[in-house]
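What the coordinates show
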Amino acid sequence: MTAANDQERVVVAGASGFVGRALRERFPETGWIGLSRSNRESDDNTEWRQCDVYSLDDTARALRGTQTAVYLVHSMQPSSALSDGTFADFDLLAADNFARGAAAAGIRHIIYLGGLVPPSGELSPHLQSRQEVEQALGATGIPVTVLRAGLVIGAGGSSFTILTRLSQRLPVMVTPRWTQTQNQPVGLDDVTSIIRWFIDHPEHAGQTWDLGCPQVLTYNDMMRRTGRAIGRQPWILSVPFFSLTLSRLWVSLFSGQPRELVDPLIESLREPMIARDRRVYELSGIPSDTFAEALAKAASANNTLSRTKVATQAVTERTVTSIQRLPLPDGWCARDVADAYGQWLSGAVAGLIHVEASIDRLRFTLRGTGAMLLELSKTGSGDDRDRVLFKISGGLLADNRNDDAGYFEFRTTTAGGQVLASIQDFRPRLPWVIYKATQYRVHAWVMRRFGTWLRFNSGSPAGAVVASVS
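No experiment lies behind these values; they were computed from the predicted model shown. (Residues numbered from 1 in each chain as written. Predicted model: local features only at pLDDT ≥ 70, side-chain atom pairs only at ≥ 80, totals over all residues. Heavy atoms only, no water.)

A short note on the packing of helix α3 (residues 87-105) against helix α4 (residues 125-137)
Condition: In this description, a line fitted to the C-alpha atoms serves as the axis of each element, helices being fitted only across the stretch in contact, and the angle between N-to-C directions of two axes falls anywhere from 0 to 180 degrees. Helical segments are the DSSP runs of H or I of at least four residues, strand segments are the runs of E of at least two, and each set is numbered from the N terminus. An angle counts as roughly parallel when it lies under 35 degrees, as roughly antiparallel when it exceeds 145, as roughly perpendicular when it falls between 65 and 115, and as oblique in every other case. Crossings are sorted by hand: turned counterclockwise from the far helix by less than a right angle, the near helix makes the crossing left-handed, and turned clockwise it makes it right-handed. Pairs of residues are marked as contacts when any of their non-hydrogen atoms sit within 4.5 Å. Lys, Arg, Asp and Glu make up the charged group, whereas Ala, Val, Leu, Ile, Met, Phe, Trp, Tyr, Cys and Pro make up the nonpolar group; the residues left over, Gly among them, are polar.
For the pair α3 and α4, interaxial distance at closest approach is 8 Å and the crossing angle is 15°. Regarding the angle of α3 to α4, the classification is roughly parallel. The element α3 and its partner α4 pack so that their crossing is right-handed. Between α3, through Phe-87, Ala-88, Asp-91, Leu-92, Ala-95, Asp-96, Phe-98 and Ala-99, and α4, the contact on the second element is made entirely by Pro-125, His-126, Ser-129, Arg-130, Glu-132, Val-133, Ala-136 and Leu-137. Tallied by class, residues from the contact of α3 with α4 come to ten nonpolar, two polar and four charged.

Quick look at the structure:
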């Protein structure tokens, strides 16, 4: 490593992604610490630390020994074979883990790359999630530098890939109304240069900055210019209607990109995505690439990237991750929800399962047989008002042969009025096909019912539960 010590190194969550990879490769002299789900061998430019950001323990351990962190995690999928929950819930849990882990590790500055906010303030679910992540990262009091960007033009990025593939594959395009919406893209070099500048200037932490190239363009403009750059000039006919469903299908089909990437892009482009100001360029002294310059760099680098094998993330075999966002009654904390869950469940499934709820564990037994289906043992110490964690410690439905059947937790969020109920790295004992058809569906049904009960509950936790099961 070129950096003198750990404190001078910079940890990057999302280091193997589109922006993270470019950041590390463009500034190899920086002592980078990259977080990766898989076990990767360190090299001259990056020390890799294995970390699943959906695990608080993993995250806190991986962040130790540094003072600056760059957060580039965006709609990652968990490293489980089966996951249940929205992208916003997964992003919120990851950001909350990172903020808590950073506080425990003594991180002094977080740099976060989010999304531009439309002038109207109308936010798509994708952009609402981006703002929610901003709030979560700053919830523990660590100063956060927020960089907001629209479409990032660079080799390996989803936006550039969609632009080039549509131009290559469609000589004639009939485009819907959203392609006339104004956008202000930004070049990948701009993004990485500004991130690197803020690493050296933590005195500006706690502020929000918009990024964008000098030009404001429509998506049609960008497709035409991209087509010219790659030698394919598409003929574009715009039609005056907007169909979200058809647009998603159209872009996914002809770009070859998965719906998980396409859907947030289309939703975000319904409103203008324009930088409020570009004062960050004046402050930093970094010159901004035009769209043409960013496009030329992306096209040139893409040829090299296409010949480079990019590491893929490992998927843990036969594990389950599930997150449900539940309403939090006024005056309640995570401990209240956890206590209420055991008591409420005793009444909800009384005809089939007996639930034994005590101060430190939950036991689920099959009524009439005494067979223990699951045992959850409370773990951790200290104040559990905002987080209650159970280890899945036993039972016929859990594979705990290696003392590692997973965890179940309730956690309040920074947004207030809600709590996350999550299962992490659960290893079921049932055959996989049977598990997905039975236990997996039952858990989802139970959590929906419990969420409905919480939504209509009022009053003290103890009184509410007694009333519901009496």
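Further notes follow.
Topic: the nonpolar core
For clarity, the threshold we go by: We call a set of buried residues a nonpolar core when its members are Ala, Val, Leu, Ile, Met, Phe, Trp, Tyr or Cys and they connect through side-chain atoms within 4.5 Å of each other. Here the term buried applies to any residue with accessible area under 20% of the maximum for its type, exposed to any over 50%, and partly exposed to those in between, with areas from a 1.4 Å probe on protein chains only.
Of all hydrophobic cores here, the largest spans 40 residues; its most connected members are Leu-326, Val-337, Tyr-341, Leu-345, Phe-364, Phe-410 and Phe-450. When neighbours within four sequence positions are excluded, Val-337 is seen to be in contact with Leu-328, Trp-332, Phe-410, Val-419, Phe-450 and Leu-454. Within the second largest apolar cluster, 31 residues are counted, among which are Val-73, Ala-136, Ile-142 and Val-146.

Section: the pairing of strand β18 (residues 372-379)
Inclusion rule: One requirement defines pairing of two strands: DSSP has to find at least two bridges between them.
Pairing of strand β17 (residues 361-366) with β18, which is carried by five bridges, proceeds in the antiparallel orientation. Residue Phe-364 lies in a different strand from β18, and its bridge partner there is Leu-374. Examined bridge by bridge, β18 and strand β19 (residues 387-394) share five bridges and lie antiparallel to one another. Across the sheet, Lys-378 pairs through a bridge with Phe-390, a residue of β19.

Some words on the packing of aromatic side chains
Applied cut-off: For Phe, Tyr and Trp, where Trp contributes only its six-membered ring, two rings pair if their centres lie within 6.5 Å, and the inter-plane angle classes them as stacked under 30 degrees, edge-to-face over 60, or tilted in between. Two conditions define a charge located above a ring, namely a distance within 6 Å from the ring centre to NZ of Lys or CZ of Arg, and an angle within 35 degrees of the ring normal.
Applying the stated criterion across every chain yields a total of 17 aromatic pairs. Aromatic side chains Tyr-341 and Phe-450 sit 5.2 Å apart centroid to centroid with 70° between the ring planes, which places their arrangement in the edge-to-face category. Highlighted residues: Tyr-341 in helix α12 (residues 334-348) and Phe-450 in helix α14 (residues 439-455), separated in sequence by 109 residues. Judged by centre distance (6.1 Å) and plane angle (55°), the rings of Tyr-435 and Tyr-440 are tilted. Following the ring pairs from residue to residue traces out a cluster consisting of Trp-332, Tyr-341, Trp-344, Phe-390, Phe-408, Phe-410, Phe-450 and Trp-453. Here the basic side chain of Arg-40 rests over the ring of Trp-48, its NZ or CZ set 4.0 Å away from the ring centre. The side chain of Arg-278 reaches across the aromatic face of Tyr-281, ending 4.4 Å from its centre.

Let's talk about the sheet that holds strand β4 (residues 68-71)
A sheet is described by the order of its strands in space; here seven strands give the open sequence β3-β2-β1-β4-β6-β7-β12, paired in parallel fashion. Sheet topology places β3 (46-50) and β12 (208-210) at the edges, where each strand pairs with a single neighbour. Each adjacent strand pair in this sheet contributes to an overall mean axis angle of 20°, direction not counted. Of the pairings in the sheet, the one linking strand β1 (residues 10-13) to strand β2 (residues 32-36) comprises four bridges and is parallel in character.

What about the pattern of salt bridges?
Under the convention used in this document: Each reported salt bridge corresponds to a side-chain nitrogen of Lys or Arg within 4 Å of a carboxyl oxygen of Asp or Glu.
Overall, the coordinates contain 23 salt bridges when judged by the stated rule. Asp-384 is the partner of Arg-335 in a salt bridge, and the nearest nitrogen-oxygen pair spans 2.7 Å. Of this pair, Arg-335 sits in helix α12 while Asp-384 sits in the loop between β18 and β19; the two residues are 49 residues apart in sequence, bridging distant segments of the chain. A relative accessible area of 18% means that Asp-384 is categorised as buried. Each of Asp-96, Arg-100, Asp-386, Arg-387, Glu-409 and Arg-411 takes part in salt bridges that share partners, so that together they form one network.

Remarks on the packing of α12 against α14
What describes two packed helices is the angle between their axes and the distance between those same axes. At a minimum axis distance of 11 Å, the contact between α12 and α14 shows a crossing angle of 115°. Judged by the angle between their axes, α12 and α14 are roughly perpendicular. Our pair here, α12 against α14, has a crossing hand that is right-handed. Residues Val-337, Ala-340, Tyr-341, Trp-344 and Leu-345 of α12 pack against Val-446, Met-447, Arg-449, Phe-450, Trp-453 and Leu-454 of α14. Looking at side-chain class alone, the contact of α12 with α14 contains ten nonpolar, no polar and one charged residues.

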